[in-house]
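# Secondary and tertiary structure notes
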Amino acid sequence: MIEPIIEYAPRKMINELIHIEMLNLVLFGPPGAGKGTQALFLAQTFNLVHLSTGDLLRQEIAARTDLGRMADEIIRKGELVPDSIVIAMIEEKLKKPKTTVGFIFDGFPRTVPQAKALDELLRKHNSKVSVMLCLEVDKAELIDRLLKRGLTSGRCDDAEAATIETRINVYNEKTAPIIKYYESQGKYHPIKGVGDIEEITARLKETVEKL
Ligand code: ADP
């Protein structure tokens with residue numbers, strides 16, 4: 001069937017409009033803050049594609065790929081996987097869905113270079129980060145939650161107090177500086193990450209709806 005050329009122009013314009021208006025949430029916070037749990041709710045509520053670099057890396061580990069083997073060693077120590085690897089993973093995922101209303105980034109970015117790379121990748125798609133939602137939980141509560149999760153999650157990085165301590169230190173040194181990056185763009189929104197799961201979801205939802 002020959003498509004009438006007149007249909008092409010409006011469709012292209014609509015696509016461009018959708019891209020400009022995309023809702024891209026960065027869900028941020030230390031390990032154990034509840035990013036994964038809340039990301040699932042937010043993805044459902046706002047119809048977003050959920051991208052978790054932690055989940056993507058664990059899929060590679062489960063599939064026993066070369067990348068997975070390398071990531072496994074790093075994750076076991078509580079350190080960060082190199083920027084180039086996680087950025088390439090996200091780049092690949094951003095290419096796929098053509099029609100989403102937006103993305104929720106969970107566990108990415110985790111360094112300032114990753115935050116800058118995300119801006120660049122979204123720019124290529126005519127889009128940008130809408131907001132950074134930062135779940136705030138104190139250190140004692142994080143350690144408690146992660147040790148409890150370790151009893152059932154089977155995650156090697158949740159099993160030992162020393163690894164958890166490393167992860168929290170890595171967060172403070174390498175990840176927390178991202179807050180300033182988004183704050184300077186007026187996108188940083190701290191959210192109390194303690195209380196009932198539904199209560200925290202409601203706080204996040206309210207912040208997004210006010211944008
Ligand atoms: P949590 O937030 O509980 O630490 P994640 O599933 O987000 O759990 O991450 C697990 C591990 O995977 C991290 O400790 C890190 O080693 C690795 N990882 C995940 N995302 C990134 C990222 N964006 N950059 C570097 N390493 C990452």
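Going by the structure above, here's the rest.
Keep in mind that this is a model prediction, so the values were computed, not measured.

What counts and how
- Position numbers for residues start from 1 in each chain and track the written sequence from start to end.
- Local features in this predicted model are restricted to residues whose pLDDT is 70 or higher, and side-chain atom pairs enter the listing and the counts only when it is 80 or higher, whereas totals over whole chains, interfaces and linings include all residues.
- Water and hydrogen atoms were dropped before computing side-chain values, which therefore reflect all heavy atoms in the structure.
- By convention, a stacked pair of Phe, Tyr or Trp rings (six-membered ring in the case of Trp) has centres within 6.5 Å and planes under 30 degrees apart, an edge-to-face pair has planes over 60 apart, and any other such pair is tilted.
- What counts as a helix is a DSSP run of H or I of at least four residues, what counts as a strand is a run of E of at least two, and both are numbered from the N terminus.
- Exposure categories follow from relative accessible area, calculated using a 1.4 Å probe and restricted to protein chains: below 20% of the type maximum is buried, above 50% is exposed, and the middle band is partly exposed.
- If a single non-hydrogen atom of a residue is within 4 Å of a molecule or strand, that residue counts as near it.
- The definition of a polar contact used here is a pair of N or O atoms within 3.5 Å, where within protein one atom must be able to donate a hydrogen and the other to accept one, and adjacent residues in sequence count solely through side-chain atom pairs.
- Surface accessibility follows the Shrake-Rupley procedure with a 1.4 Å probe radius. Residue values consider only the protein chains on display as shielding.
- Residues are grouped as follows: Ala, Val, Leu, Ile, Met, Phe, Trp, Tyr, Cys and Pro are nonpolar; Asp, Glu, Lys and Arg are charged; every other residue, Gly included, is polar.
- In this analysis, two residues are considered to be in contact whenever any of their non-hydrogen atoms come within 4.5 Å of each other.
- DSSP bridges decide pairing: two strands pair if at least two such bridges lie between them.

### Let's talk about the packing of aromatic side chains
- As enumerated under the stated definition, the model contains three aromatic pairs in all.
- Between Phe28 and Tyr171 the ring centres are 5.9 Å apart and the planes differ by 50°, which places this aromatic pair in the tilted class. Of this pair, Phe28 sits in strand E1 (residues 23–28) while Tyr171 sits in helix H8 (residues 161–175), and the two are 143 residues apart along the sequence.
- Here Tyr181 and Tyr182 contribute two aromatic rings whose centre-to-centre distance is 5.4 Å and whose plane-to-plane angle is 80°, an arrangement assigned as edge-to-face. Here Tyr181 and Tyr182 have matching classes, each one buried.

### Overview of the site of the ligand
- Near the ligand lie 20 residues; those nearest to it are Lys35, Thr53, Arg58, Glu79 and Gln114.
- Within the side chain of Thr53, an N or O atom sits 2.8 Å from a nitrogen atom of the ligand.
- Between Arg110 and the ligand, the recorded distance is 2.9 Å, taken from a side-chain N or O atom to an oxygen atom.
- Compared with its free state, where it exposes 550 Å², the ligand has 96% of that area covered by protein.
- Examining the composition of the shell around the ligand, we find that four residues originate from one element, helix H3 (residues 53–62), more than from any other.
- Of the residues belonging to the shell around the ligand, the class tally is seven nonpolar, five polar and eight charged.

### Section: unusual backbone geometry
- Residue Phe108 is joined to Pro109 through a cis peptide bond whose omega torsion reads 0°.
- As for its placement among the helices and strands, Pro109 is situated in the loop between strand E3 (102–106) and helix H6 (112–124).
- In this model, Asn47 sits at a positive phi of 60°, which is unusual for a non-glycine residue.
- Positionally, Asn47 belongs in the loop between helix H2 (35–46) and strand E2 (49–52).

### Topic: the side chain of Asn24
- Examined against the element boundaries, Asn24 turns out to sit in strand E1.
- Residue class for Asn24 comes out buried when judged on its relative accessible area of 0%.
- Separated by 3.1 Å, the side chain of Asn24 and the backbone nitrogen of Phe103 make a polar contact.

### A few points about the environment of Thr166
- In this structure, Thr166 sits in helix H8.
- In this structure, the C-alpha to C-alpha distance between Thr166 and Lys77, residues 89 residues apart in sequence, is 7.7 Å.
- Discounting chain neighbours no more than four positions away, the residues touching Thr166 are Lys77, Gly78 and Glu79.
- Polar side-chain contacts of Thr166 include one of 3.0 Å to the backbone oxygen of Ala162.

### A few points about the pairing of E1
- E1 sits mainly inside the fold: six of its six residues count as buried.
- Neither face of E1 is left uncovered, since the one carrying Leu23, Leu25 and Leu27 and the one carrying Asn24, Val26 and Phe28 both have all their residues buried.
- Of the pairings in the sheet, the one linking E1 to E3 comprises five bridges and is parallel in character. Each bridged residue has a counterpart across the sheet, and for Leu23 the counterpart in E3 is Gly102.
- Alignment of E1 against strand E4 (residues 131–136), held across four bridges, turns out to be parallel. Along E4, the bridge assignment pairs Phe28 with Cys134.

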